[in-house]
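Observations on the three-dimensional arrangement
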Amino acid sequence: AETINYRLKWLYNMSVAGDLYALEEGFFRDEGLDVDVKAGGPERDAIKELELGYAKFGVASADQVIRARAKGAHVVVLAQLFQINPLQWIYRPDVVTLNSLADLRGQTIGVTFGGNDETIMKTLLAMGQIAEKEVELFSVRYDYTPFYQRKVHIWPVYRNSQGIFVGQKLRDAGEPVGVFNPEAHGVKFVANSVVTSEKVLANEPDLVRSFMRALLKGWGRAFDPANADKTIAIVKKFDKDTDLGVIAEQYRVTRGLVHPDPNIPIGTIDPDGWQQTERIMVAQGVVAKPVAILSHLKQH
Amino acid sequence: MLIEFDKVTYLYPGTEKRIFSDLTIRMERPGFHALFGPSGVGKTSFARLLTGALNGYDGQIRLAKVGTPLYSYNLERLPDWSSVGKHLEKITPDAAIQRRDQLVEIFGVEACLGSRFSHLSLGQQNRINLIRYLVQDFRLLIMDESLGNVDELTRERILLHVKAMFPDVLFLYISHNVVEVAKFCDQILVFRGARKTPQTMMVTGQNHCLEGQLDPQGLQRTMLEIMNAS
Amino acid sequence: MLIEFDKVTYLYPGTEKRIFSDLTIRMERPGFHALFGPSGVGKTSFARLLTGALNGYDGQIRLAKVGTPLYSYNLERLPDWSSVGKHLEKITPDAAIQRRDQLVEIFGVEACLGSRFSHLSLGQQNRINLIRYLVQDFRLLIMDESLGNVDELTRERILLHVKAMFPDVLFLYISHNVVEVAKFCDQILVFRGARKTPQTMMVTGQNHCLEGQLDPQGLQRTMLEIMNAS
Amino acid sequence: MLHRRIYQFLIIYLLGISVLLGVKYSLNLSDYVIPGPGSIWQTGAAVFDSYLHDVMNTLGVAVVGQVFSICLAFLVGIIGRQTTWFGSFIKVAAYNVQAYPIVALAPIIFILLGDGFFTRLLIAAMICYFPLLLSVLGVMSEPITDIEHFYRSTGRMRWQLEVKIRAFENLQKLTTVISGSATLAMAGTIVAEFIAANAGIGYSIRIALYQSDLSKILVALFLVGITLAVYQGLLEWLGVFVRRGWAAA
Amino acid sequence: MLHRRIYQFLIIYLLGISVLLGVKYSLNLSDYVIPGPGSIWQTGAAVFDSYLHDVMNTLGVAVVGQVFSICLAFLVGIIGRQTTWFGSFIKVAAYNVQAYPIVALAPIIFILLGDGFFTRLLIAAMICYFPLLLSVLGVMSEPITDIEHFYRSTGRMRWQLEVKIRAFENLQKLTTVISGSATLAMAGTIVAEFIAANAGIGYSIRIALYQSDLSKILVALFLVGITLAVYQGLLEWLGVFVRRGWAAA
Ligand SMILES: Nc1ncnc2c1ncn2[C@@H]1O[C@H](COP(=O)(O)OP(=O)(O)OP(=O)(O)O)[C@@H](O)[C@H]1O
Ligand SMILES: Nc1ncnc2c1ncn2[C@@H]1O[C@H](COP(=O)(O)OP(=O)(O)OP(=O)(O)O)[C@@H](O)[C@H]1O
Ligand SMILES: [Mg+2]
Ligand SMILES: [Mg+2]
C-alpha cells in the first residue's frame, strides 16, 4: 500500500505520545494503512507539506491553521490533541508573585517575538488592561540563560516538555518553581491539532476515517493510566536522549493537558477555543480579518 | 618578409621618458640578425612592440609574411609537473620530432630530459626553453638573452647549428656579447637611445656559418663598427 | 681568510649523479676570483654549499674570517612597493652611504632610482640588486651571473671600480665570459665535472686593475689555459 | 563596475523569484506556501522602510565585524604561518573554533558575554574570519625566495617585513578574499541576529519565519542582496585603489 | 603530525572547559547555568556511544558535502576567473547565494527539495564551498606569465592548461584551503542537521539545547572536535601526498 506521511509539529517526545503509540501498537496497520510518522521541527510546517503533497496528514497549531486559511490554504482540522495549551510561563515564586493579571505589571517577561506566546501574552496584557510599556518584553531565544541568570523572571515554556527540564533543574538547585497558565486567566488559545487538506478530506474520506480512528485510538490508549508504563517505554524508544524519570513526569503533565476532563474525549475540537483564538489573532493584527474558522473544523 | 617601424614613438604609461622617438626601421630578409645596445636602451621594449605585447605607441608597425612572431626570454619556466623531456614531447608537432632530437643533442641537454625544470641549472633551463620555440612552426623568433648562463663553447655550437637548420626564418638575437654578435649575425641593429640621432644604426656582421671561414680582420672591423655605433 | 672544501661529495637528494666527488679546494687570499665552467657543471651548487644553503654533503667545508658569506644571483627581485632608490636608502648602513652613491654612479643607474624594480630592464635590475649587496658589511661575496644582461662596457667599468673599492674582500665571480674572467680575475677555479680528474683546476688570471696595464699576450695565454682546463 | 554588480544582482533575484512563482503556479500552491507577486509587492511596500533600516543596522555591525575578522585572520595567519609548535597550535585552535557550529557555541557565548552588541559582533566575526584565515595562512606560509633571499642572508629579515613582502606579492589574492568576505560578514551578522539579537534584519527574518511569512523573507533577501552588491562593489573599488596606491606609494 | 593535532585539540578543549569552570566558580553560578565537572563526566559516559555514532554519521555527510563543495568551487572559480560579463555574473551569483544566511533560505530549500539526504548535503555544501571559492578565484585569476607565455604565444593555451598551471603553482595554498575547509563542511553539516532535524550530531545538539543540557553540548563539542582533528590530520597528510605525487608524476 501507499505510504502515508504524517508530519508532526515537533521532535519526537511526549507531546506526540499518542501518534507513536498508534504506530508502535500497529493501529495503523490494523486499518490497512502504512503510515510514516515523521518528526517535525522548528523549520517545518505541516500545512505547507500538505499542499506540496509531501504529507497527507499533519499536526499544526491553531494559529498556523488560521494564518494559512487567511492566505488561501485549503486546510481543515480533524481533531484537537491538546485541550489546554501547553505553552505557559514558568517563574520563581520566591521572586515574583503571579496571582492575577495585574501582577504582571512592572515585570520583565520573556516572549518569542512573532511566536504564539507573543500573541497570548499581549492578549493577557490587554485583558488585564496593562499597557505594553508597563512591562518589559524580553526577546526569547532557544536558550534559557537569561532566565537562569535571573535577568528575566517569567519565561515561556512548553509546560509538558521544556517545563519539566527547567523545573527539574531549578528544583535540583533547591529553588521553588511556579507556572503561569493563561487559560486560568481566561485566555484560551488552541494548540496542536490534526490537520489535512480539503482535497484529501473530499477525495479520500475512507482514508481519513480510518487514519483518524487509528490515531485517536492511539492517543486514547496512550493516556489510559493503565498503559502508562507502555507509553513511557514507547516514548523513550524514540526520545533516547531524555531520562526515563523525566519522561514519566512528562507523561503525568501531558495527560493533564490532553485529557483534563474525563467527560471530554481525547481529540475533541473545542469550538469556543477556536473562536477565541481567531478573535485574538484578529485583535492582535496577526491576520487581517476572520477566516470563518468554525466551518473548517471537521471533528473526526 | 618584412618588419617595418614607421615613425614609432613609445613611452611606458605613467613615465615621461620616451623609449623610442619617431623610430623608423626596416628589415626584409631572413637570417640571423641581432638587436644590440646598452642595458636599458629598449631592446626588450622593441621586441614587445613587435610582438604586440606592448600597445599604445604612435606611428605604424608593419609585419608581413612572418606569421605570428615568437618571443622567448630568459626568465621563462616550464611547469614542474613532469620532466622537461615529457614537456618537449608534448609540444613538439609530429613534423618536428626529428628536429627536436637533433636540437637536444646540439644543445647538450640529453642528460636533463629526465629532470624537472626547477632542478636544472640556469643555463640548462634556458636551453630547454629555447628548444621549445625552435620546434614550433615559425617565421620570426626573437631570442631575448635566451642563451643567458650558457657557456661560450656550447653557445657557439648552438648558434652555428641553428643557423644551418633554419636558413629561411628571421631571427632577432638579443645579446650583450659584442664578439658573438659580430661573428654570427647578419644584420646588427644597434640601439643608441631615443635622444641620439640616429636612434639606431645598422651594422653588417660577419654572419659566420657552419661551413664558412671566419675572417679575423673582418670580425675586428665589425666589432669596431658596433662599438662606434653604440 | 680561508675557504676550504675537504673531500666534499654532494648529490642532490633523489638524484644519482654526483655533482662533486671528494672535491678538495683551498682559497686563502682576498681578491677578485672566479668560478668558471660549462653550464650545469655545479658552480651554483658550489656557491650554495659554501653559504650553507645546501646541506647533506659528505666531507668538510671550512670557512674562516669571511664572516657571513653573501650570495647574489640574477633572479633576485626587490619588493615593488617603493622605488628602488628608496629601497637602497633603507638597506644602506650609515657608514656606507657615500659608497652607495659612488656605486650608483659607476653602475650607471642614477636614472633608475625613481622607478619600481619591475619597471626596469633586466640589466638595470641586476645592477641595482648587486649594489644592495655591495653596501653591506661583508668579507665574502659570491656573484652568480650578477651582471647578467649588462652590456660589456658597463660591466668592465663596474668590475674595475669594484675591485678598486674592495681590495680586502674575497669575491667569487661566476660568469661564462672567458675574456672577462681571464682579464679581471685573480684566481680562476675552473670546474670540469665530477667525473674528470682533477675535478677542478686553478688558473691564474690577469687580475687587470684600474690603474694597471693589460698585457694582451698574457690575456691570450690565460684564455688558452682556461679553455684547455675546461 | 558598481552598477553592473547591481543589475546582475537584480537579474539573479528576478530569476530566483521566477523559479519560485513557476513552482507556485505549476503546482497551484496557495499564498501561504509561496506568496504571489501581488502579496510580495504589498509586503514590500509595507515593510520596506523598517527593513531598510534594519539592513543598514546589520550592515553597520557587519562592517565592524569584518574589520575585526580581517585583523583576527591576519593575527592568526601571521602566527600560524610558522612551522613551530606554537604556530600549529594556534592553527588547530583557530580551526577548531570554526568547526563548532555557532548554534552550539551560542549558549556558551551568551553565558560569557551576555546578549548585547558584542555577542552579535563576535558571532559575525567568527563566521567571517575563517575563509580569510585560510587565505592568509596560505599566502603567509609560502616563501618568496627571490625577494626574501637578500633580507635573510643579510640578517635583515623581520617578521613584519616577511609579512609585508608576502602580502604585497599576493595583493590580488588578498583583496579578492577580503572583498569576498564582506558577504560572509553580512551572513554572519544575520545569523548572529537570528540567534542572539533584538535588532537588525536577522531578527526581522526570525520573526517572519515564526509568522511563516515568506513574502517578508523575500523582501528581506532583496534588501540584503542589493545592499551587499553595493557594499561589495565599493570594496572591490577600494581594493583596486589600495593596490594602485601601494604600488605607487 | 596526526597525533600532534589530537593532543593540541585536547589542550584547547581542556582550556575551554577550564575557562567555563573558572567562570562558574568565580561567579558562583549554579549547576544549571554551567554544569560541574562531575555532571559533564557522567553525561559523557552516558551519551558517548550514541553521540559517537551520530558524529560518524555527520562526518559521512560532511565528507560528501566537502567533495561536492570542492567541485562546485572549482567550477565557479574556473568560470568566474574570466573577466567576461558571464564570469562576473557567475561570481555575483555565487557571492549572493552565500550572503543569505542559511536559516533564511532553509524554508525555500525545504519547499523545493523536501527533507531528504539532499537537503542536508546542499546546506552543508553551501556553507563549505564559499571559502574554497574565494581561494580558487584568487588563484585562478592571477596569470603566471613566465610559464604561460610560451603556451599563449604558440596558440597552445587551453583553459584546462591554464587551470592546471595556476593550480599547480599554487598547490600549497589550495591544499591548505581544502584541508581547512573540512572544518566548514563539518560545521555546515551540523547546521543542516540542526535545521532539518533528522539525524546526526546536529540533531542531538538541537535536542540538548531544547533540554537546556549544557553538559551534553560540551560532550558533543568534544566528539566533534576530536573527530575533526583526526579527519583534518588525514587530509593534510593527503595534501602532502598529492603535492609530492603530482610533483613526481
Ligand atoms: N614596465 C615598465 N614601465 C616603465 N618603464 C619601463 C618598463 N619596462 C622597462 N622600462 C624602462 O624602459 C627602458 C627600456 O627597457 P628595456 O627592458 O626595453 O631595455 P633593454 O634594452 O631590454 O635592457 P636590458 O639589456 O637591460 O634587458 C628602461 O630604461 C626601463 O627602465
Ligand atoms: N634542485 C636540484 N635537484 C636536482 N638536481 C639539481 C638541482 N639543482 C641543480 N641540479 C643539477 O645539478 C647540476 C649542477 O647545477 P648548477 O646549478 O650548480 O650548475 P651551474 O654550474 O650553476 O650551471 P649554470 O651555469 O647553467 O648556472 C646540474 O646538472 C643540475 O641539473
Ligand atoms: Mg631586455
Ligand atoms: Mg648557475
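For the structure, check the block above.
Structure report, in brief. What you see is a predicted model, and the numbers here were worked out from it, not measured in a lab.

**Points about the overall build of chain B**
Within chain B one finds seven helices and nine strands. In terms of C-alpha radius of gyration, chain B reaches 18 Å, essentially the compact-globule figure of 17 Å for 230 residues. Looking at the 230 residues of chain B, the share that counts as buried comes to 58%. When contacts within chain B are restricted to residue pairs at least 6 apart in sequence, long-range pairs at least 24 apart make up 69% of them. If the 26 positive side-chain charges of chain B are averaged to one point and the 25 negative ones to another, these points end up 4 Å apart.

**Observations regarding the sheet that holds strand 1 (residues 3-7) of chain A**
Within a sheet, each strand pairs with its neighbour through backbone hydrogen bonds, oriented either parallel or antiparallel. All names here are of chain A. Reading across from one edge, 2-1-3-10-4 is the order of the five strands in this open sheet, with mixed pairing throughout. Looking at strand neighbours, the two that pair on one side only are strand 2 (34-38) and strand 4 (75-80), the edges of this open sheet. This sheet shows a mean twist of 30° between the axes of neighbouring strands, independent of strand direction. For strand 1 and strand 2, the ladder comprises five bridges, and the chain directions are parallel. What sits directly across from Tyr-6, in strand 2, is Val-37.

**Quick word on the interface of chain C and chain D**
In this assembly, 20 residues from chain C lie in contact with 19 residues from chain D. Contact between chain C and chain D buries roughly 1,700 Å² in total, counting both sides, with carbon and sulfur atoms accounting for 53%. At the boundary of chain C with chain D, the tally comes to one salt bridge. Taken together, the connections running from chain C to chain D amount to six residue pairs in polar contact (both at pLDDT 80 or more). Secondary structure elements with two or more residues in the side of chain C that touches chain D: strand 5 (70-73), helix 2 (84-91) and helix 4 (122-134) of chain C. Of the residues contributing to the side of chain C that touches chain D, the split by class is 10 nonpolar, four polar and six charged.

**Brief notes about the site of ligand 2**
The local shell around ligand 2 holds 19 residues, among which Ser-121 and Gly-123 of chain B together with Lys-43, Thr-44 and Ser-45 of chain C are the closest. Around ligand 2, the neighbouring residues derive from chains B and C rather than from a single chain. In this structure, an oxygen atom belonging to ligand 2 sits 3.3 Å away from a main-chain N or O atom of Val-41 of chain C. In this structure, an oxygen atom belonging to ligand 2 sits 2.5 Å away from a side-chain N or O atom of Ser-45 of chain C. In isolation ligand 2 has 630 Å² of accessible area, and contact with the protein removes 88% of it. Secondary-structure elements contributing two or more residues to the shell around ligand 2 are helix 4 (122-134) of chain B together with helix 1 (43-51) of chain C. A class-by-class count of the residues in the shell around ligand 2 yields five nonpolar, 12 polar and two charged.

**Some details on the pattern of salt bridges**
Considering all chains together, one arrives at 49 salt bridges over all chains under this definition. A salt bridge links Lys-71 of chain A to Asp-213 of chain D; the shortest N-O distance between them is 3.5 Å. With Lys-71 of chain A in the loop between helix 4 (62-70) and strand 4 and Asp-213 of chain D in the loop between helix 9 (200-210) and helix 10 (214-247), this residue pair bridges two chains. On the basis of relative accessibility, which here comes to 29%, the residue Lys-71 of chain A falls in the partly exposed class. Between Glu-4 of chain C and Arg-62 of chain C there is a salt bridge, and its shortest N-O distance comes to 2.8 Å.

**With respect to the site of ligand 1**
Not every one of the 19 residues close to ligand 1 is listed here, only the nearest: Lys-43, Thr-44 and Ser-45 of chain B together with Ser-121 and Gly-123 of chain C. At ligand 1, the nearby residues belong to more than one chain, namely chains B and C. Lys-43 of chain B has a polar backbone atom sitting 2.7 Å from an oxygen atom of ligand 1. Measuring from an oxygen atom of ligand 1, one finds a side-chain N or O atom of His-176 of chain B at 2.9 Å. Of all the secondary structure elements, the ones that give two or more residues to the shell around ligand 1 are helix 1 (43-51) of chain B together with helix 4 of chain C. By residue class, the composition of the shell around ligand 1 is five nonpolar, 12 polar and two charged.

**A word on the packing of helix 3 (residues 97-107) of chain B against helix 4 of chain B**
Residues and elements named next belong to chain B. With their axes 10 Å apart at the nearest point, helix 3 and helix 4 run at an angle of 155° to one another. Judged by the angle between their axes, helix 3 and helix 4 are roughly antiparallel. Where helix 3 crosses over helix 4, the two elements pack in a sense that is right-handed. Side by side, helix 3 and helix 4 meet where Arg-99, Arg-100, Leu-103, Val-104 and Phe-107 of the first sit next to Arg-127, Leu-130, Ile-131 and Leu-134 of the second.

**Description of the interface of chain D and chain E**
Taken together, the contacts link 63 residues of chain D with 62 residues of chain E. Of the roughly 5,500 Å² buried between chain D and chain E, counting both surfaces, carbon and sulfur atoms make up 75%. Measuring nitrogen to oxygen at the nearest pair gives 3.6 Å for the salt bridge that ties Glu-142 of chain E to Lys-173 of chain D. At the junction of chain D with chain E, the criterion picks out five residue pairs in polar contact (both at pLDDT 80 or more). Elements with a contribution of two residues or more to the side of chain D that touches chain E: helix 1 (2-27), helix 3 (85-99), helix 4 (102-113), helix 5 (117-140), helix 8 (171-195), helix 9 and helix 10 of chain D. With 12 residues, helix 8 of chain D is the largest single contributor of residues to the side of chain D that touches chain E.

**Examining the nonpolar core**
Among the nonpolar cores identified, the biggest contains 160 residues, and Trp-155 of chain A, Leu-133 of chain D together with Leu-133 of chain E are the most heavily contacted of them. In contact with Leu-133 of chain E, not counting residues within four places along its chain, are Ala-73, Val-76, Gly-77, Ala-94 and Tyr-95 of chain E.

Rules and cut-offs
Residues numbered from 1 in each chain as written. Chains lettered and ligands numbered in written order. Predicted model: local features only at pLDDT ≥ 70, side-chain atom pairs only at ≥ 80, totals over all residues. Heavy atoms only, no water. Helix = DSSP H or I, 4+ residues; strand = E, 2+ residues; numbered from the N terminus. Rg over C-alpha atoms; globule rule 2.2 N^0.38 Å. Buried < 20%, exposed > 50% of the residue type's maximum accessible area, 1.4 Å probe, protein only. Contact = heavy atoms within 4.5 Å. Lys, Arg positive; Asp, Glu negative; His and termini not counted. Charge placed at Lys NZ, Arg CZ, Asp CG, Glu CD. Pairing = 2+ DSSP bridges. Axes fitted to C-alpha atoms, helices over the stretch in contact; angles between N-to-C directions. Buried area = accessible area lost by both parts, 1.4 Å probe. Salt bridge = Lys/Arg side-chain N within 4 Å of Asp/Glu carboxyl O. Polar contact = N/O pair within 3.5 Å; in protein donor to acceptor, adjacent residues only side chain to side chain. Nonpolar A, V, L, I, M, F, W, Y, C, P; charged D, E, K, R; others polar. Near = heavy atom within 4 Å. Areas by Shrake-Rupley, 256 points an atom, 1.4 Å probe, with all protein chains shown as cover. Parallel < 35°, antiparallel > 145°, perpendicular 65-115°, else oblique. Left-handed = near helix turned anticlockwise from the far one by under 90°. Core = buried A, V, L, I, M, F, W, Y, C linked by side-chain atoms within 4.5 Å.

None of the figures reported here should be taken as evidence of function without further support.
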